[in-house]
Amino acid sequence: MKIFVKLFAYYRTGRFSAATQEYPTDTRVADVLSRLKIPEKDLGIVLINGRFVELDQILKEGDELSLFPMVGGG
Amino acid sequence: MTEVAPVWKDERYSRQTRFAGLGEEGQKRLANSRVAIVGCGALGTAQAELLARAGVGTIRVIDRDYVERSNLQRQLLFDEQDAASGLPKAIAAANHLRAINTSIAIDPVVADLIAPNIEHLLNDVQLILDGTDNFETRFLINDFAVDRNLPWVYGAAVGSFGMKMPVIPGRTCCLSCMKSAAPTSAQPTCETSGVLGSITAVIGALQVADALKILACGPESVAAQITTIDVWSGEVVQFPEPPANPECPTCGRREFPYLKGGYRAPITLCGHNAVQIYDETRTLDLRELGERLQAAGSVRANDFALRFDIPPYQMTIFPDGRAIIKGTVDIGVARSLYSKYIGD
């Protein structure tokens, strides 16, 4: 299935800003993180279609997944 | 005898009182408000200048650090002279803020906000603005604010990206609902990844807009919404905050782990190439210490801090016993320099 993945802030470094990626059915958010090599512990916000979800949320065909890191500078 | 007009009727606020959202009534509320800014770096200086110009009656500026040349690119209030003098940021900010607005009270505090002093530093404010550069302090602010039912506004930035989120206890989620503890992994910081002055100015300004609304119109007036901005790509993304988590250690279970966690580690990494040592039991006489250290290296001191250069290290020592040792990330080296020059 196709998932539209959007990355924010420094998650883009060495990856991409936004991309449509192919994933198997029943892929969870955590599986996407693992494929993108984003450590779960510094993950800030996960949205699917603009709504907050947990890491075990299962994605559906055509979902837009947004990943934001915790941002600490100031 | 002519009657003196109340401070909120001052001509200087005329453009603000004409704004329908505030009016004279709102201006009066701002004049009677008391706000704390925790961390006076890029976000904190932007917030402080805007709050001072807006006529917020009392602004407490809390910061543990001193002005450096590398701050000048984005930290709005500071100038070259502040950096050359090595003034603590809270003091330098207060000097500039007083020149901007003499009719408000500025209360600078040179300190690291930690669990043992948070009650003393924040117990009398109506609102806290986040100008910090680390999550440990943010989680501490969050615990205190939720415990006391105080609104606070999270803000952060790195690179060209920033985020803002108001926390209104009882109405919105809190920081711990989103992440139960401060991240432990090494994260990009302004020191390692850089930061643009435009993103910190934008985020600081958004935090101040929420602050003015909360102070003038009440905490219920702000939207429970997260705003993210990337000033380089031009993207603005807004979405509703998640619902409060009943299992949240702070607002759900009310355990307040950071508030009750006691003392912060006495030695912490502080920025890119520096270590902070905080020996809380010590009170230092900087004049006496300066005289003693002159034999060992170059010493510059003002009333608030002493800078001691012993290449390749630089120690900035504060009267409360705290020292920031620049030039190393090795805690052992920092501890040894502290013992050698300040004492065990």
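In this text the structure is predicted, and so the values were computed from the model without any measurement.

Engineer: Even after reading the chapter, I still don't get the overall build of chain A, so can you show me in this structure?
Structural biologist: On a plain count of helices and strands, chain A comes out with one helix and five strands. When the helices and strands of chain A are read in sequence order from the N terminus, they spell out β-β-α-β-β-β. If you line up chain A on its principal axes, its C-alpha atoms span 40 × 25 × 20 Å. Contacts in chain A between residues far apart in sequence, at least 24 positions, make up 57% of those at least 6 positions apart.

Engineer: I tried to follow the overall build of chain B on my own but got confused; where do I start?
Structural biologist: Regarding its fold elements, chain B presents 13 helices and 14 strands. A compact globule built from 344 residues should have a C-alpha radius of gyration of about 20 Å, and chain B, at 21 Å, falls within 12% of that. Projecting the C-alpha coordinates of chain B onto the three principal axes gives extents of approximately 60 × 60 × 40 Å. Taking the contacts inside chain B whose residues are at least 6 apart along the sequence as the reference set, 66% of them involve residues at least 24 apart.

Engineer: What is the right way to look at the nonpolar core in this model?
Structural biologist: Nonpolar side chains in soluble globular proteins tend to be buried together. By size, the foremost hydrophobic cluster in this structure holds 127 residues, and its most contacted members are Ile59, Val61 and Ile128 of chain B. Residues from two domains meet in this core; each of domain 1 (33-260) and domain 2 (267-341) of chain B gives at least three.

Engineer: Would you take a moment to explain the pairing of strand 12 (residues 306-310) of chain B for this structure?
Structural biologist: Two faces, one strand: in a regular strand the side chains alternate between the faces of the sheet. Direction of pairing for strand 11 (residues 298-301) of chain B relative to strand 12 of chain B: antiparallel, over a ladder of four bridges. Residue pairing in the sheet places Arg300 of chain B in a bridge with Arg307 of chain B of strand 12 of chain B.

Engineer: Sorry, what's going on with the sheet that holds strand 5 (residues 152-158) of chain B here?
Structural biologist: Sheet strands pair via backbone hydrogen bonds, and the direction of the pair is either parallel or antiparallel. Residues and elements named next belong to chain B. Spatially, the eight strands line up as an open sheet ordered 3-2-1-4-5-6-7-8, and their pairing is mixed. The sheet is open, and its two edges are formed by strand 3 (105-110) and strand 8 (235-240), each paired on a single side. Between one strand axis and the next, the sheet turns through 15° on average, direction left out of account. In this structure, strand 5 lies alongside strand 6 (residues 161-167), joined through seven bridges in antiparallel fashion. Looking at the pairing, Tyr154 lines up with Met165 of strand 6. With respect to the sheet, helix 5 (residues 89-100) is in contact with strand 2 (58-63) and strand 3, its orientation differing from that of strand 3 by roughly 165°.

Engineer: Whenever I open this one, the packing of helix 2 (residues 23-31) of chain B against helix 10 (residues 197-217) of chain B confuses me. Can you help?
Structural biologist: Residues and elements named next belong to chain B. Contact geometry for helix 2 and helix 10: axes closest at 8 Å, N-to-C directions at 100°. By the angle between their directions, the pair helix 2 and helix 10 is classed as roughly perpendicular. Contacts between helix 2 and helix 10 involve Gly26, Arg29 and Leu30 on the former and, on the latter, Leu212, Leu215, Ala216 and Cys217. Considering only residue class, the contact of helix 2 with helix 10 consists of five nonpolar, one polar and one charged.

Engineer: Can you help me understand the packing of helix 3 (residues 42-54) of chain B against helix 5 of chain B in this one?
Structural biologist: When two helices pack together, you describe them by how their axes are tilted relative to each other and by the distance separating the axes. Residue and element names in this part refer to chain B. Contact geometry for helix 3 and helix 5: axes closest at 9 Å, N-to-C directions at 25°. Taken together, the axes of helix 3 and helix 5 lie roughly parallel to each other. Considering the relative orientation of helix 3 and helix 5, their crossing is right-handed. Contacts between helix 3 and helix 5 involve Thr45, Ala48, Glu49, Ala52 and Arg53 from the former and Ala93, Leu97 and Ile100 from the latter. For the contact of helix 3 with helix 5, the residue count by class is five nonpolar, one polar and two charged.

Engineer: Got a minute to help me understand the domain arrangement of chain B in this structure?
Structural biologist: A common measure of how large an interface is: the accessible area buried when the components associate. Residue and element names in this part refer to chain B. By the assigned domains, chain B splits into domain 1 (33-260) and domain 2 (267-341). Between the C-alpha centres of domain 1 and domain 2 the distance comes to 27 Å. Between domain 1 and domain 2, the residue contacts involve eleven residues of the former and twelve residues of the latter. Across the side of domain 1 that touches domain 2, the residue classes break down as six nonpolar, three polar and two charged.

Engineer: Explanation requested: the sheet that holds strand 2 (residues 18-22) of chain A in the structure shown.
Structural biologist: Residues and elements named next belong to chain A. Pairing in this open sheet of five strands is mixed, and the strands run 2-1-5-3-4 from one edge to the other. Edge strands, defined here as strands with exactly one partner in the open sheet, are strand 2 and strand 4 (51-52). Pairing between strand 1 (residues 2-7) and strand 5 (residues 64-69): four bridges, direction parallel. For Val5, the partnering residue across the bridge sits in strand 5 and is Leu65.

Engineer: Would you mind showing me how to read unusual backbone geometry here?
Structural biologist: Residue and element names in this part refer to chain B. That bond from Pro311 to Pro312 is cis: its omega, 5°, falls within 30 degrees of zero. Among the secondary structure elements, Pro312 is positioned in the loop between strand 12 and strand 13 (313-317). At Asn149, a residue that is not glycine, the phi angle is positive and equals roughly 60°. Within the fold, Asn149 resides in the loop between helix 7 (135-148) and strand 5.

Engineer: Would you take a moment to explain the confidence of the model for chain B for this structure?
Structural biologist: Atom-level detail of predicted coordinates should not be read off regions where pLDDT is low. Averaged over all residues, the pLDDT of chain B is 91; the fraction at 70 or higher stands at 94%. Taken together, the chains of this predicted complex give a pTM of 0.87 and an interface ipTM of 0.92.

Engineer: Can you walk me through the pairing of strand 2 of chain B in this structure?
Structural biologist: Residues and elements named next belong to chain B. Burial of strand 2 is extensive: five of the six residues sit out of reach of the surface. Where strand 2 and strand 3 come together, six bridges link them in parallel fashion. Bridge pairing in strand 3 links Ile59 to Ile106.

Engineer: Would you mind going over helix 3 of chain B with me for this structure?
Structural biologist: Three or four residues apart is the spacing at which side chains of an α-helix point the same way, because the helix has 3.6 residues per turn. Residue and element names in this part refer to chain B. Its 13 residues give helix 3 an end-to-end C-alpha distance of 19 Å, which sits within 8% of 18 Å, the value for a rise of 1.5 Å per residue. For helix 3, a buried count of eleven out of 13 residues is recorded, marking the element as mostly surrounded by other parts of the structure. Following helix 3 by one or two positions, Gly55 adopts a phi angle in the positive range, close to 90°.

Engineer: What am I meant to see in the environment of Tyr13 of chain B here?
Structural biologist: Residue and element names in this part refer to chain B. Mapped onto the elements, Tyr13 comes out in the segment before helix 1 (14-17). The exposure class of Tyr13 is buried, given the 22 C-beta atoms found within 10 Å. In this structure the C-alpha to C-alpha distance between Tyr13 and Leu140, which are 127 residues apart in sequence, comes to 35 Å. If sequence neighbours within four positions are ignored, Tyr13 has contacts with Trp8, Gln27 and Gly55.

Parameters at a glance
- Residues numbered from 1 in each chain as written.
- Chains lettered and ligands numbered in written order.
- Predicted model: local features only at pLDDT ≥ 70, side-chain atom pairs only at ≥ 80, totals over all residues.
- Helix = DSSP H or I, 4+ residues; strand = E, 2+ residues; numbered from the N terminus.
- Contact = placed C-beta atoms within 7 Å.
- Rg over C-alpha atoms; globule rule 2.2 N^0.38 Å.
- Core = buried A, V, L, I, M, F, W, Y, C linked by C-beta atoms within 7 Å.
- Buried ≥ 20, exposed ≤ 12 C-beta atoms within 10 Å, placed from the backbone.
- Domains from an automatic or database assignment.
- Pairing = 2+ DSSP bridges.
- Axes fitted to C-alpha atoms, helices over the stretch in contact; angles between N-to-C directions.
- Parallel < 35°, antiparallel > 145°, perpendicular 65-115°, else oblique.
- Nonpolar A, V, L, I, M, F, W, Y, C, P; charged D, E, K, R; others polar.
- Left-handed = near helix turned anticlockwise from the far one by under 90°.
- pLDDT = per-residue confidence, 0-100.
- Expected span 1.5 Å × (residues − 1).

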